[in-house]
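What the coordinates show
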Amino acid sequence: MPVSDSVIRTDTDADGERLPINELFASLQGEGKLAGVPSTFVRTSGCNLRCWFCDSYHTSWDPTHAWMSVEEIVSEVRTLDPDHVVVTGGEPLIHDETSSLLSALADDYHLTVETNGTLETDAPVDLASISPKLASSTPTPENAPEDTDPGVWTDRHESSRINLDTLAALVEHADDFQLKFVVTGRDDLPEIESVVADVRGVTSREVRDTDVLLMPEGQTREALARTRTRVADLAAECGYRYTPRLHVDLWNDAPET
Ligand SMILES: C[S@@+](CC[C@H](N)C(=O)[O-])C[C@H]1O[C@@H](n2cnc3c(N)ncnc32)[C@H](O)[C@@H]1O
Ligand SMILES: Nc1nc2[nH]cc(C(=O)O)c2c(=O)[nH]1
Ligand code: SF4
Ligand SMILES: [Mg+2]
C-alpha cells in the first residue's frame, strides 16, 4: 500500500481561503504521461458535470469533504515525501481558492491539474491533464449510479461537457498538457477524432498524437479487464497514446490510492 494520510476531518476556524477537501494522500500517479511518479493527491469536492462512470462518486454525485484552509493543505502536503502534487477532484477549477493553492505550491512542487476541460485557470500549472468528456459519459436513468436520478444532469452535463475555446486555453496555458479521453469502446472514436481536430483548429500550439491519451473506462480491476485490451488496440490503430490506470491495477478501488 502507498503512504496514506487522512485529511483533517474536522472543520477549521483558521483564517484565509478554504477548500472542500475529500481526500489528501501520497501514492503513485496512476494515469497519463507521468504514470508511476510518486505524487501527493489533493482531491477537492464538488463538480460541474456528472459522468455516469465517475470513479470519485463522493466528489460529484454525493459530495463529502472537510473544509481546509490553503495554509493547512500546504502544511499537510509538506509532511509527505513526493515533489509532484496532483490537484484533482471533483472538478478542482470550480473553486477560486484552487488558484491560491496552486500559487502557494508552485515554487516547491511540480503541479499537475486534473480537469474536465470546461473551466480556465490563470494559476501556475506544469502539466494540464485535460479529460474532455465524450457523449458516452452523459448520465441517463439507465446508466446513472445506483440510487441516483440524473434528473436535470442529463441535459446540464450534455450541454456543458465540451467548450472548445476553454480546451484551447488550457492546452496553451501550461508547460505541458495531455488530452486524456475515457474510452468505453470503439464507438467513442469518431468523437475523439473530431474533438482533437477541433482543438487543433483553434490553437496555435502543436497537439501531437502522443499528447492524446486513450484511457480505458473502469473503476475496478474487473471492469478494466473488460475494456483495456480493446482500448489499447484502438490507441495502436490510431497512433494515439494508451494510458493504463496503474492505481486500479495495483489497489483496485481502495480510497486514498
Ligand atoms: C475523478 S476525475 C477528477 C478530475 C476532473 N473532474 C476530470 O474529470 O478530469 C479524475 C480522472 O479520472 C477519470 N475517470 C473518472 N472516472 C473514470 C472511470 N470510471 N474510468 C476511467 N477513468 C475515469 C477522469 O476522466 C479524470 O481523468
Ligand atoms: N494513483 C492515482 N492516480 C491518479 N491520477 C489521476 C487521479 C485522479 O483521480 O484524478 C488519480 C487517482 O485517484 N489515483
Ligand atoms: S468531470 Fe470528473 S469529477 Fe466530475 S463527474 Fe466527471 S469524472 Fe467525476
Ligand atoms: Mg482517480
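Bear in mind that the values here come from a model prediction, so they are computed numbers and not experimental data.

1. Regarding the packing of helix 4 (residues 164–173) against helix 5 (residues 189–202)
Contact geometry for helix 4 and helix 5: axes closest at 9 Å, N-to-C directions at 70 degrees. For the element pair helix 4 / helix 5, the angle class is roughly perpendicular. The interaxial crossing formed by helix 4 with helix 5 has right-handed handedness. Residues Leu 164, Leu 167, Ala 168, Val 171 and Glu 172 of helix 4 lie in contact with helix 5, whose contacting residues are Val 195, Asp 198, Val 199 and Val 202. In terms of residue class, the contact of helix 4 with helix 5 is made up of 7 nonpolar, no polar and 2 charged.

2. Topic: the environment of Leu 93
Structurally, the position occupied by Leu 93 is in the loop between strand 4 (84–88) and helix 2 (97–105). Leu 93 gets classed as buried once you look at its relative accessible area, which sits at 10%. Taking C-alpha positions, Leu 93 is 23 Å from Leu 214, a pair spaced 121 residues apart along the chain. Ignoring any residue separated from it by four or fewer positions in sequence, one finds Leu 93 in contact with Thr 98, Val 113, Thr 115, Leu 119, Glu 120, Thr 121 and Leu 170.

3. A few points about the UniProt feature "binding site: [4Fe-4S] cluster" (unreviewed entry) in the protein chain
The positions UniProt marks with the feature "binding site: [4Fe-4S] cluster" (unreviewed entry) are Cys 47, Cys 51 and Cys 54. With respect to the secondary-structure elements, Cys 51 resides in the loop between strand 2 (38–44) and strand 3 (66–69). Residue classification places Cys 51 among the buried positions, given a relative accessible area of 9%. In this structure Cys 51 touches Trp 61, Lys 133, Ser 137 and His 157, once residues within four positions along its chain are discounted. With respect to the helices and strands, the residue Cys 54 is situated in the loop between strand 2 and strand 3. The class for Cys 54 is buried, based on a relative accessible area of 19%.

4. Observations concerning the site of ligand 1
Near ligand 1 there are 22 residues, and of these Phe 53, Gly 90, Ser 131, Lys 133 and Glu 217 occur at the shortest range. Separating a nitrogen atom of ligand 1 from a backbone N or O atom of Gly 90 is a distance of 2.8 Å. Contact distances for ligand 1 include 3.2 Å between an oxygen atom and a side-chain N or O atom of Lys 180. Starting from 540 Å² of accessible surface for ligand 1 in isolation, the protein chains cover 95%. Contributing elements (two or more residues each) for the shell around ligand 1: strand 5 (110–115), strand 7 (176–183) and strand 8 (212–216). Residue classes in the shell around ligand 1 are distributed as 5 nonpolar, 9 polar and 8 charged.

5. A short note on the site of ligand 3
For ligand 3, the full set of nearby residues is Cys 47, Leu 49, Arg 50, Cys 51, Cys 54, Ser 60, Gly 90, Asn 116 and Lys 133. Along the lines of polarity and charge, the residues of the shell around ligand 3 split into 4 nonpolar, 3 polar and 2 charged.

6. Some points on the packing of aromatic side chains
A complete count under the given rule lists 2 aromatic pairs for this structure. Considering the side-chain rings of Phe 25 and Phe 41, the 5.1 Å spacing of their centres and the 10 degrees angle between planes classify their relative orientation as stacked. One end of the pair, Phe 25, is in strand 1 (residues 18–28); the other, Phe 41, is in strand 2, with 16 residues separating them in the sequence. With relative accessibility at 8%, the residue Phe 41 sits in the buried group. Measuring from ring centre to ring centre gives 5.4 Å for Trp 52 and Phe 53, while their planes differ by 75 degrees; the resulting arrangement is edge-to-face. Here the basic side chain of Lys 33 rests over the ring of Phe 177, its NZ or CZ set 5.7 Å away from the ring centre. The residue whose ring lies beneath Arg 50 is Trp 153, and the NZ or CZ to ring-centre distance is 3.9 Å.

Conventions used here
- Every chain's residues receive numbers from 1 upward, in the order its sequence appears when written.
- A letter from A marks each chain and a number from 1 marks each ligand, given out in the order of writing.
- Reporting of local features is limited, given that this is a predicted model, to residues whose pLDDT is at least 70; pairs of side-chain atoms are given and counted only at 80 or more, and all residues count toward the totals for whole chains, interfaces and linings.
- Computation of side-chain values: all heavy atoms of the structure, hydrogens and water removed.
- With axes taken as lines fitted to C-alpha atoms, and helix axes fitted only over the stretch in contact, angles between N-to-C directions fall between 0 and 180 degrees.
- Numbering of helices and strands starts at the N terminus; helices are DSSP runs of H or I of at least 4 residues and strands are runs of E of at least 2.
- Note that the term roughly parallel is reserved for angles under 35 degrees, roughly antiparallel for angles over 145, roughly perpendicular for angles of 65 to 115, and oblique for everything else.
- Should the near helix be turned anticlockwise from the far one by less than a right angle, the crossing is left-handed, and should it be turned clockwise, the crossing is right-handed.
- Should any heavy atoms of two residues lie within 4.5 Å, those residues are counted as being in contact.
- Each residue is assigned to one class: nonpolar for Ala, Val, Leu, Ile, Met, Phe, Trp, Tyr, Cys and Pro, charged for Asp, Glu, Lys and Arg, and polar for all the others, Gly among them.
- Remark: exposure states derive from per-residue accessible area (1.4 Å probe, protein chains only) relative to the maximum for the residue type, with buried under 20%, exposed over 50%, and partly exposed in between.
- UniProt positions are given in the numbering used here, feature names are shortened, and annotations may be inferred rather than shown by experiment.
- Any residue with a heavy atom positioned within 4 Å of a molecule or strand is treated as near that molecule or strand.
- Counted as a polar contact is a pair of N or O atoms within 3.5 Å, where, for protein atoms, one must be capable of donating a hydrogen and the other of accepting one, and residues adjacent in sequence contribute only when both atoms are in side chains.
- Accessible surface is estimated by sampling points in the Shrake-Rupley manner with a 1.4 Å probe; for residues, cover comes only from the protein chains shown.
- In this scheme Phe, Tyr and Trp rings, the latter by its six-membered ring, pair at centre separations within 6.5 Å, and the angle between planes marks the pair as stacked below 30 degrees, edge-to-face above 60, and tilted otherwise.
- Think of it as a cone above the ring: NZ of Lys or CZ of Arg counts as a charge over the ring if it is within 6 Å of the ring centre and within 35 degrees of the ring normal.

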